[in-house]
Amino acid sequence: MRNDDVEDLLRTLAPQVLGSLVRRFGHFDTAEDAVQEALLAAAVQWPKEGVPGNPRGWLITVGSRRLTDLLRAEQARQRREDTVTRWTLPDQWLAPAADRPAAESDDTLILLFMCCHPALSPASQIALTLRAVGGLTTAEIARAFLVPEATMTRRISRAKQRVKDSGIPFGLPPAPERAARLGAVLHVLYLIFNEGYVSTSGPNLHRAELSAEAIRLTRMVHRLLPDDGEVVGLLALMLLTDARRPARTGRDGALIPMAEQDRTLWNADFIAEGVALISDALPRGATGPYQLQAAIAAVHDEAPTAEATDWPQIEALYELLMRISGNPMVALNHAVAVAMARGPRAGLDLLAELESDERIAADHRLYAVRAHLLEMAGDLATARECYLEAARRTTSLPQQRYLHARARLG
C-alpha cells in the first residue's frame, strides 16, 4: 500500500481508535497521546510490512499497550493510593475492542461533541478537533495556523485538560443539549473550512489542506446524521465554494475575483454534488443558515458567466438569511447583492448603515466592498482611498497585493 493510502486509512481510523480507548478506559488526554503514538508506529511499519488484516484492532492493541505505559508512569509519579485504585489499566482487559463490532460512527460523533465542548474557546475547539478527530499532528496544525509548535502544544494540552476537568462522560450529550452542541460542531468545521479557503493571514491566499480536512470531517458527520438539514447544507456549501478554488488565483498566486475567473476551471464534480445535496435538503423541514448559504453558492456556481448571475435571486436569499442570522458579514454580502441587482448607490446606502456596527466597522472587507461599489459608481478618487485603507487593514499578503492593484487601476 502506498504511503498516501496508509495516511488516508490512518486518518479514518484515528477517531474510531481514540473513541474505543476513551469509552473503555476514560482519560481522554492520555488516551489521545497513546493513539498518536500508535498512529506513528503504523505510519512507519505498514508501508514496509503491509497493512494488518485488522488495522483497527492493531491500532487499538498498540494504543492500549502505550496507554498502560503512560498510566503506570503517572501512577509511579503520583504515588497516591487513591489514584491507583481508581484506574483500571488496559492490560486488565481481556482483548481490545476490535474483537467485537464497534459503534465506529457513534464514537466519532461523540469525539466531535467532546472536542467542541462549550467550555473550550473556538480556537481550542478547532485545534482539538483537528488533532483528535482529524488525526493531524500538532506540528501540522501549528503550520496551518501559522503559530509556533510550542504554542499549539500548549493550546491543545489546555484543551484536553479542560475536557478532563469537566468530568463529562464519554457519550452523546443529553437530547436537550444535542442540537446546540451540534451547532457548535458545525460552526467549528465551518471555521476550519473558511481558514483554509480564505487565509486570514500569511503569504498564501488559501491553505487547501485545511479546507480539504473540513470537507472530509463534514462528510463524516453527514454519514452519521444523513437526515439533518444543516449538516447537508454545510457540506453542500463547502463543496460549492471549494469548487471555485482552482480559478481563484493566477499562476503568480494573485487573487482573481469571481467575476473574472475562468469558470471552466471550476470543479464540476463538486458543483454537481453540492447542487444535488442542497436541492434535496431545501424542500424538507425548516431551512437553516447553512442551507441558505449553500443555495446562494449554487446560484453563483450554476451561472455560465458572471453577467448571467441571477442577482435578484441572491438578494432574496440573503434577505431570508438576514432574518435568521445577525452576522454582519451576511448584511455586507446582502449589500453587494443589492448593488449588483439595483445599482451601486443602493448598495452604498446599506453600507452606511453597517458603519455603526462595531463587529465589522474596522474590518478590511467593509472598506473593500465600499471601494468596489464606489468604483462601480464612478467615484474613482474615493474608491482608491478605500482600497488603500482596506489593504492596510488586512493581514493577508495576496489580498494586500490585490487591493493595491485595484487602487492603482482606480
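Definitions and cut-offs
- Along every chain, residues carry numbers that run from 1 in the direction the sequence is written.
- Under the rules for a predicted model, residues below a pLDDT of 70 receive no local features and side-chain atom pairs below 80 are neither given nor counted, while totals for whole chains, interfaces and linings still include all residues.
- For side-chain calculations, the full set of non-hydrogen atoms in the structure is used, while hydrogens and water are omitted.
- The numbering of helices and of strands both runs from the N terminus, where a helix is a DSSP run of H or I of at least 4 residues and a strand a run of E of at least 2.
- Here's how the labels work: a residue is buried when its accessible area is under 20% of the maximum for its type, exposed when over 50%, partly exposed in between, all with a 1.4 Å probe on protein chains only.
- For this analysis, a polar contact is any N or O atom pair within 3.5 Å, provided that within protein one partner can donate a hydrogen and the other can accept it, and provided that sequence-adjacent residues contribute only side-chain to side-chain pairs.
- What makes two residues a contact is simply this: any of their non-hydrogen atoms within 4.5 Å.
- Here, nonpolar core refers to any group of buried Ala, Val, Leu, Ile, Met, Phe, Trp, Tyr and Cys residues whose side-chain atoms link them within 4.5 Å.
- Axis definition: a line fitted to C-alpha atoms, over the contacting stretch in the case of helices. Angles run 0 to 180 degrees between N-to-C directions.
- An angle below 35 degrees is read as roughly parallel, one above 145 as roughly antiparallel, one from 65 to 115 as roughly perpendicular, and any other as oblique.
- By definition, turning the near helix anticlockwise from the far helix through less than a right angle yields a left-handed crossing, and turning it clockwise yields a right-handed one.
- Classification convention: Asp, Glu, Lys, Arg as charged; Ala, Val, Leu, Ile, Met, Phe, Trp, Tyr, Cys, Pro as nonpolar; all other residues, Gly among them, as polar.
- Only Phe, Tyr and Trp rings are paired, with Trp represented by its six-membered ring, and only when their centres lie within 6.5 Å; those with planes under 30 degrees apart are stacked, over 60 edge-to-face, the remainder tilted.
- Any Lys NZ or Arg CZ found within 6 Å of a ring centre and within 35 degrees of that ring's normal is scored as a charge over the ring.
- Put simply, a salt bridge is a Lys or Arg side-chain nitrogen that is within 4 Å of an Asp or Glu carboxyl oxygen.

1. Digging into the side chain of Asp301
Consideration 1: Note that Asp301 resides in helix H13 (residues 289-302).
Consideration 2: Taking the relative accessible area as the measure of exposure, Asp301 reaches 7% and is therefore buried.
Consideration 3: Within the structure, Asp301 has its side chain in polar contact with the side chain of Arg244 (distance 2.7 Å).
Consideration 4: Ignoring sequence-local partners within four residues, the contact set of Asp301 consists of Leu240, Ala243, Arg244, Trp266 and Ile271.

2. Some thoughts on the nonpolar core
Consideration 1: Membership of the largest hydrophobic core comes to 79 residues, with the highest contact counts inside it found for Leu18, Phe28, Leu59, Leu128 and Val133.
Consideration 2: Ignoring any residue separated from it by four or fewer positions in sequence, one finds Leu59 in contact with Leu10, Leu13, Val17, Ala38, Leu39, Ala42 and Trp46.
Consideration 3: With 22 residues, the next largest nonpolar core counts Ala335, Ala339, Tyr367 and Ala390 among its residues.

3. Topic: the packing of helix H9 (residues 175-197) against helix H10 (residues 208-224)
Consideration 1: Running from N to C, H9 and H10 point in directions that differ by 155 degrees, and their axes come no closer than 6 Å. With respect to their mutual orientation, H9 and H10 come out roughly antiparallel. Considering only the axes of H9 and H10, their crossing is left-handed. For the pair formed by H9 and H10, the contact residues are Leu189, Ile192, Phe193, Glu195, Gly196 and Tyr197 on the first element and Ala208, Leu210, Ser211, Ala214, Ile215, Leu217, Thr218 and Val221 on the second.
Consideration 2: Split into classes, the residues belonging to the contact of H9 with H10 amount to 10 nonpolar, 3 polar and 1 charged.

4. Overview of the packing of helix H6 (residues 122-132) against helix H8 (residues 149-166)
Consideration 1: Where H6 meets H8, the closest approach of the two axes is 9 Å, and the angle between their N-to-C directions is 95 degrees. Taken together, the axes of H6 and H8 are roughly perpendicular relative to one another. In contact with Ala123, Ser124, Ala127, Leu128 and Arg131 of H6, H8 contributes Met152, Arg155, Ile156, Ala159, Lys160 and Val163.
Consideration 2: Its residues placed into classes, the contact of H6 with H8 shows 7 nonpolar, 1 polar and 3 charged.

5. Some remarks on the packing of aromatic side chains
Consideration 1: What the rule picks out here adds up to 3 aromatic pairs.
Consideration 2: Aromatic side chains Tyr190 and Tyr290 sit 5.5 Å apart centroid to centroid with 55 degrees between the ring planes, which places their arrangement in the tilted category. Taken together, the residues span a long stretch of sequence, with Tyr190 in helix H9 and Tyr290 in helix H13 at a distance of 100 residues.
Consideration 3: Sitting over the face of the ring of Tyr197, Arg248 holds its NZ or CZ atom 4.2 Å from the ring centroid.
Consideration 4: Here Arg370 stacks its cationic end above the ring of Tyr367, 5.3 Å away from the centre of that ring.

6. Section: the side chain of His364
Consideration 1: By the secondary structure assignment, His364 is in helix H17 (residues 364-377).
Consideration 2: A polar side-chain atom of His364 sits 2.8 Å from a polar atom in the side chain of Gln399.
Consideration 3: In this structure His364 touches Ala390, Arg393, Thr394 and Gln399, once residues within four positions along its chain are discounted.

7. Let's talk about the pattern of salt bridges
Consideration 1: Counted according to the given criterion, the structure contains 17 salt bridges.
Consideration 2: Salt-bridge contacts for Arg131 lead to Asp33; the nearest nitrogen and oxygen are separated by 3.8 Å. One end of the pair, Arg131, is in helix H6; the other, Asp33, is in helix H2 (residues 28-49), and 98 residues separate them in sequence.
Consideration 3: The partner of Arg406 in a salt bridge is Glu375, with the nearest N and O atoms 2.5 Å apart. On the criterion of sequence distance, the pair formed by Arg406 in helix H19 (residues 397-409) and Glu375 in helix H17 is long-range, its members being 31 residues apart.
Consideration 4: Its relative accessible area of 15% is what places Arg406 among the buried residues.
Consideration 5: Connected via shared salt-bridge partners are Glu32, Asp33, Arg131 and Lys160.

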